[in-house]
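Residue-level structural notes
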Number of protein chains: 2
Amino acid sequence: MNLKQIGVIHSPFKTRAEAPFQGRHSVEVCEVEVFEEFLPGLADVEGCTHLFLLRWLDRADRKMLKAFPPHDGKEHGVFATRSPNRPNPIGLGVVELLDVSGGRLRVRELDALEGTPLLDIKPRFSEVDNIPDATVGWRR
Amino acid sequence: MNLKQIGVIHSPFKTRAEAPFQGRHSVEVCEVEVFEEFLPGLADVEGCTHLFLLRWLDRADRKMLKAFPPHDGKEHGVFATRSPNRPNPIGLGVVELLDVSGGRLRVRELDALEGTPLLDIKPRFSEVDNIPDATVGWRR
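Attention here is on the structure that accompanies the text. (Residues numbered from 1 in each chain as written. Chains lettered and ligands numbered in written order. Predicted model: local features only at pLDDT ≥ 70, side-chain atom pairs only at ≥ 80, totals over all residues. Heavy atoms only, no water.)

1. What about the overall build of chain A?
Regarding its fold elements, chain A presents one helix and eight strands. Reading the secondary structure of chain A in the N-to-C direction produces β-β-β-β-β-β-β-β-α. Put simply, chain A has 140 residues, and 55% of those count as buried. Across chain A, the fraction of contacts at a sequence separation of at least 24, relative to all contacts at a separation of at least 6, is 74%. (Helix = DSSP H or I, 4+ residues; strand = E, 2+ residues; numbered from the N terminus. Buried < 20%, exposed > 50% of the residue type's maximum accessible area, 1.4 Å probe, protein only. Contact = heavy atoms within 4.5 Å.)

This is the structure in structure tokens:
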């Protein structure tokens, strides 16, 4: 199970300490560069208001199975958290798409670090992706 | 960028023809088996109502950059669709968690095929994951 890098993220956040805990709290504009060989896959992406961006969190610790989230400072299993440290450090976040031009996507609400490899882009569909009542027990 | 298989999905769907187009349309119960070495990461997962399950779509075509979704039968770039065929075939879906017992999660609303490798589990947080007004231009 080998991943191909399809692009790279350009972000004002250079280190983990600079990045927000969640992209939803960020007003910065980031630029997502898609490599030339994958450009045909971008057709019609410009019509999407929001996208899932999957990226490879290359500065994560893949051996951690417990995490201390900022929310309550207690230890939880990584699979009950959104910690970047996990066996397969695939970052998942929803971004607002501002515009697309020549393989470059300008987006908002992204917490990725400068130089993060891009893995996939998926459109966000409200019909299947909205679950208003989803909750996480330990966060209550 | 190499992935580790952390578990396997047990599903009533044996072939792509049998699987629903979106898990949200499925009432079947599936079982997600997490391998023993990753079990500490499951602590507190039982308190989550909904989870993102990332899996490796091992029967996908990784060379396709265009897709014909069932919605309108026209060709679109794969990054504007949720087609399983894409350069990095990482399946993303939200499931309802029914219960957790000894490394086995029973879930609903999953469209994965029997034997699909599991990559990651992330809790779904309504505070950051809900975007009621997200739309996709070509689906209008």
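2. Examining the side chain of B:Arg82
Within the secondary structure layout, B:Arg82 lies in the loop between strand S5 (76–77) and strand S6 (90–101). A relative accessible area of 17% means that B:Arg82 is categorised as buried. Only 2.8 Å separates the side chain of B:Arg82 from the backbone oxygen of A:Pro123, close enough to count as a polar contact. (Polar contact = N/O pair within 3.5 Å; in protein donor to acceptor, adjacent residues only side chain to side chain.)

3. Overview of unusual backbone geometry
For A:Asp44, which is not glycine, the phi dihedral falls at a positive 80 degrees. What makes A:Asp44 partly exposed here is its relative accessible area of 24%.

4. As for the packing of aromatic side chains
Describing an aromatic ring pair means giving the distance of the ring centres and the angle of the ring planes. Inspection of the entire model under this criterion finds one aromatic pair over all chains. Pairing A:Phe52 with B:Phe52 gives two aromatic rings, centres 6.4 Å apart and planes at 85 degrees, and the pair type is edge-to-face. Here A:Phe52, found in strand S3 (residues 50–56), pairs with B:Phe52, found in strand S3 (residues 50–56), and the two come from separate chains. Overall, B:Phe52 belongs to the buried group, its relative accessible area being 2%. (Phe/Tyr/Trp six-rings, centres within 6.5 Å; stacked < 30°, edge-to-face > 60°.)

5. A closer look at the pairing of strand S7 (residues 104–108) of chain B
Residue and element names in this part refer to chain B. On S7, burial follows the alternation: Leu105 and Val107 on one face are buried, whereas Arg104, Arg106 and Arg108 on the facing-out side are not. Relative to S7, strand S2 (residues 29–34) is paired through five bridges, and the arrangement is antiparallel. Paired with Val32 across the strands is Leu105, a residue of S7. Alignment of S6 against S7, held across five bridges, turns out to be antiparallel. Its bridge partner being in S7, Leu97 is matched across the sheet by Val107. Counted along the chain from S6 to the antiparallel partner S7, the turn is two residues long, and its residue Gly102 has a positive phi close to 55 degrees. (Pairing = 2+ DSSP bridges.)

6. Notes on the sheet that holds strand S6 (residues 90–101) of chain A
Either a parallel or an antiparallel arrangement is found when strands of a sheet pair, and the pairing is made through backbone hydrogen bonds. Residues and elements named next belong to chain A. Taken in spatial order, the six strands line up as S1-S2-S7-S6-S3-S8 and close into a barrel, and their pairing is antiparallel. Each strand axis lies, on average, 45 degrees off the axis of its neighbour in the sheet, ignoring direction. Bridge count for S3 against strand S8 (residues 117–123) is five bridges, and the pairing is antiparallel. Across the sheet, the residue bridging to Arg55 is Leu118, located in S8. (Axes fitted to C-alpha atoms, helices over the stretch in contact; angles between N-to-C directions.)

7. With respect to the pairing of S3(A)
Residues and elements named next belong to chain A. The buried fraction of S3 is high, at seven of seven residues. The two faces of S3 match: His50, Phe52, Leu54 and Trp56 on one face and Leu51, Leu53 and Arg55 on the other face are all buried. In this sheet, S6 lies alongside S3 in antiparallel orientation, the contact comprising seven bridges. Counted as the bridge partner of Leu53 is Gly93 from S6.

8. Quick notes on the sheet that holds strand S1 (residues 7–10) of chain B
Strand order in the closed barrel formed by six strands is S1-S2-S7-S6-S3-S8 (chain B), with antiparallel pairing between adjacent strands. In this sheet, adjacent strand axes meet at a mean angle of 45 degrees when their direction is disregarded.

9. Observations regarding the environment of A:Arg62
Counting through the fold element by element, A:Arg62 comes out in the loop between S3 and strand S4 (66–67). In this structure A:Arg62 comes out as partly exposed when scored by relative accessible area, which is 25%. The spacing of A:Arg62 and A:Pro87 is 25 residues in sequence and 4.5 Å in space, taken between C-alpha atoms. Non-local contacts of A:Arg62, meaning those with residues more than four positions away in its chain, are made with A:Trp56, A:Arg86, A:Pro87, A:Asn88, A:Pro89, B:Asn2, B:Leu3 and B:Lys4. Of the polar contacts made by the side chain of A:Arg62, one reaches the side chain of A:Asn88; its length is 3.2 Å.

The values reported here are purely geometric and, on their own, carry no functional implication.
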